[in-house]
Amino acid sequence: MKKIDLVYMWVDDSDKNWQTEKNFWLQEIQGKEPMYDEAAVDARWRDNDELKFALRSAEKFAPWINHIFIVTANGRGPKWLNTNHRKITIVSHEQIMPADSLPTFNSVAIEMCIMNIPNLSEHFLLANDDMFFYRHVGPDFFFDDKGRAIVWYKQNKISDDIAYEMEMAESDYRRTVLVAGYKIWQLFGKKFWDFAPAHNIDPYIKSSMIQCRNHPLLAQDFNKQIRNKFRTNWEIQRWIFNLYDLAHGRAIFKRVRYRKKSKHWIYNRLYKDNYMNAPIYCDNINNIPINANPSLFCINDTPNITDDVRKQNWDFLNRMFPDKSQFEK
């Protein structure tokens with residue numbers, strides 16, 4: 001396998017200019033366009049120092065990462081970051097997005113332009129700043145020896161009436177995932193719409209991503225989405241790029257099995273061994289089973305998370321990754 005880069009998306013919610021622009025555009029757009037229910041909640045941008053721990057986890061458990069790109073609104077990283085480090089590059093939205101789409105406060109729009117990062121490797125990983133490596137993994141966790149992406153997914157039982165399922169989706173996020181599956185069905189007649197991403201660090205193939213992004217039957221949808229300053233109800237989740245690879249034989253999908261407990265999706269240790277290392281997603285670290293041993297985990301900040309829970313999550317990260325990384329000043 002050739003070099004593999006890692007891309008993080010991060011926002012400085014304390015930036016006064018960013019706050020002013022966000023509030024201005026929110027006032028301009030709110031009530032005039034169909035916005036995602038949680039498109040402008042503070043939790044979407046709140047910085048809990050996750051990126052610091054994410055980088056510590058990458059250094060500790062994935063030292064083979066070639067280069068790390070951090071995509072930000074203002075082209076500046078957090079104050080603690082050593083931006084002069086040879087493996088770190090800060091990328092501003094202006095470098096990868098059309099001028100008429102800026103400023104943007106929509107991560108789904110930004111994701112549609114990730115492939116435009118200068119010098120990004122052909123095989124790369126994309127992560128939010130709240131996604132972490134839990135233990136040592138090699139490049140073969142993300143790509144096989146033929147260069148195919150290895151994608152973890154979960155399966156949801158839904159009817160064949162995809163139009164109804166999209167309309168009645170339990171959440172705006174779920175709708176964006178269904179829309180991605182619906183678009184792939186329109187293109188290739190393949191019904192992947194009952195698949196859903198594990199919501200963690202994902203592998204991508206840049207040339208394939210570009211091909212999908214420029215597909216004549218998708219380009220118009222993508223171009224419109226890129227110009228949505230906040231998330232809307234019917235956008236396409238980045239999951240479409242993984243499905244596009246699956247349809248072309250450029251991806252291998254591995255199923256994560258979950259059970260529902262305390263309103264959080266958690267990994268079930270009772271399933272077969274080949275699921276033991278699957279990613280975990282939660283919004284409270286206390287909901288991860290004590291004997292779990294995932295390869296990756298995500299602690300998602302939501303509007304329902306209290307300050308006490310955020311403190312517990314931060315304490316856990318600090319215990320797990322106590323040592324400064326080479327990427328810190």
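Residues numbered from 1 in each chain as written. Predicted model: local features only at pLDDT ≥ 70, side-chain atom pairs only at ≥ 80, totals over all residues. Heavy atoms only, no water.

Caption draft 1: Main features of the overall build of the chain. Looking only at helices and strands, the chain has 10 helices and 13 strands in total. Taken across its 329 residues, the chain has 57% of its residues classed as buried. (Helix = DSSP H or I, 4+ residues; strand = E, 2+ residues; numbered from the N terminus. Buried < 20%, exposed > 50% of the residue type's maximum accessible area, 1.4 Å probe, protein only.)

Caption draft 2: Up close: the sheet that holds strand β3 (residues 88-92). Strand order in this open sheet of 5 strands is β3-β2-β1-β4-β8, and the pairing throughout is mixed. With one partner strand each, in any of the chains shown, β3 and β8 (202-205) form the two edges of the open sheet. Each strand axis lies, on average, 30 degrees off the axis of its neighbour in the sheet, ignoring direction. The pairing of strand β4 (residues 123-128) with β8 spans 4 bridges and is classified as antiparallel. Note on β8: the bridge partner recorded for Leu126 is Asp202. Docked against the sheet, helix α2 (residues 50-61) engages β1 (4-9) and β2 (68-72), running at close to 165 degrees with respect to β1. Running over the sheet, helix α7 (residues 206-213) touches β4 and β8 and is turned about 75 degrees from β8. (Pairing = 2+ DSSP bridges. Axes fitted to C-alpha atoms, helices over the stretch in contact; angles between N-to-C directions. Contact = heavy atoms within 4.5 Å.)

Caption draft 3: Spatial organisation of the environment of Ala163. Mapped onto the elements of the fold, Ala163 is located in helix α5 (residues 162-167). On the accessibility criterion, Ala163 (49% relative accessible area) is partly exposed.

Caption draft 4: Here's a closer look at the pairing of β2. Of all 5 residues that make up β2, 5 are buried, and the element is covered over most of its length. Burial along β2 is two-sided: Ile68, Ile70 and Thr72 facing one way and Phe69 and Val71 facing the other are all buried. Taken together, the 4 bridges between β1 and β2 define a ladder with parallel strand orientation. What sits directly across from Val7, in β2, is Phe69.

Caption draft 5: Structural view of the sheet that holds strand β7 (residues 195-197). Spatially, the 3 strands line up as an open sheet ordered β7-β6-β9, and their pairing is mixed. The open sheet is flanked by β7 and β9 (251-255), the only strands paired with a single partner. Here the strands of the sheet are splayed against their neighbours by 50 degrees on average, with no regard to which way each runs.

Caption draft 6: Quick look at α2. Taking 1.5 Å per residue, 12 residues should reach 16 Å; α2 reaches 16 Å between its end C-alpha atoms and fits that length. Across the 12 residues of α2, 10 count as buried, placing the element largely inside the fold. When α2 is considered as a whole, its buried residues turn out to be Glu50, Leu51, Lys52, Phe53, Ala54, Leu55, Arg56, Ser57, Ala58 and Phe61. At its buried positions, α2 is contacted by β1, β2, β5 (131-133) and α10 (307-320). (Expected span 1.5 Å × (residues − 1).)

Caption draft 7: The nonpolar core, seen in detail. Leu6, Tyr8, Ile114, Phe133 and Phe297 are the most contacted members of the largest nonpolar core, which totals 92 residues. Formed by 7 residues, the second largest nonpolar core is a distinct cluster that contains Val11, Trp18, Leu26 and Ile29. (Core = buried A, V, L, I, M, F, W, Y, C linked by side-chain atoms within 4.5 Å.)

Caption draft 8: Region of the structure containing helix α6 (residues 172-188). Helix length check: α6 (17 residues) gives 25 Å between terminal C-alpha atoms against 24 Å at 1.5 Å per residue, within 8%. The secondary structure elements touched by the buried residues of α6 are α5, β7, α8 (219-226) and α9 (239-247).

Caption draft 9: Layout of the confidence of the model for the chain. Across the chain, the average pLDDT comes to 87, with 87% of residues at 70 or higher. Scored below 50 in pLDDT, residues 259-276 shows 38 contacts in the model against residues more than four places distant or in partner chains. (pLDDT = per-residue confidence, 0-100.)

Caption draft 10: Expanded view of the packing of α6 against α9. The N-to-C vectors of α6 and α9 enclose an angle of 30 degrees; their axes lie 9 Å apart at closest approach. As summarised for this structure, α6 and α9 are arranged roughly parallel, according to the angle between their axes. α9 is crossed by α6, and the crossing has right-handed handedness. In contact with Val177, Ala180, Gly181, Lys183, Ile184 and Phe188 of α6, α9 contributes Trp239, Ile240, Leu243, Tyr244 and Ala247. Here the contact of α6 with α9 is composed, by residue class, of 9 nonpolar, 1 polar and 1 charged. (Parallel < 35°, antiparallel > 145°, perpendicular 65-115°, else oblique. Left-handed = near helix turned anticlockwise from the far one by under 90°. Nonpolar A, V, L, I, M, F, W, Y, C, P; charged D, E, K, R; others polar.)

Caption draft 11: View of the pairing of strand β13 (residues 296-299). Of the two faces of β13, the one lined by Leu296 and Cys298 and the one lined by Phe297 and Ile299 are each fully buried. With 3 bridges connecting them, β5 and β13 associate as antiparallel partners. Looking across to β13, one finds that Phe132 is bridged to Phe297.

Caption draft 12: A look at the pattern of salt bridges. Applying the stated rule across the entire model yields 12 salt bridges. Of the charged contacts, one joins Asp144 and Arg148 as a salt bridge, the two residues approaching to 2.6 Å between their closest N and O atoms. Taking relative accessible area as the criterion, Arg148 reaches 26% and is therefore assigned partly exposed. One salt-bridge network, in which partners are shared between bridges, spans Glu111, Asp202 and Arg238. (Salt bridge = Lys/Arg side-chain N within 4 Å of Asp/Glu carboxyl O.)

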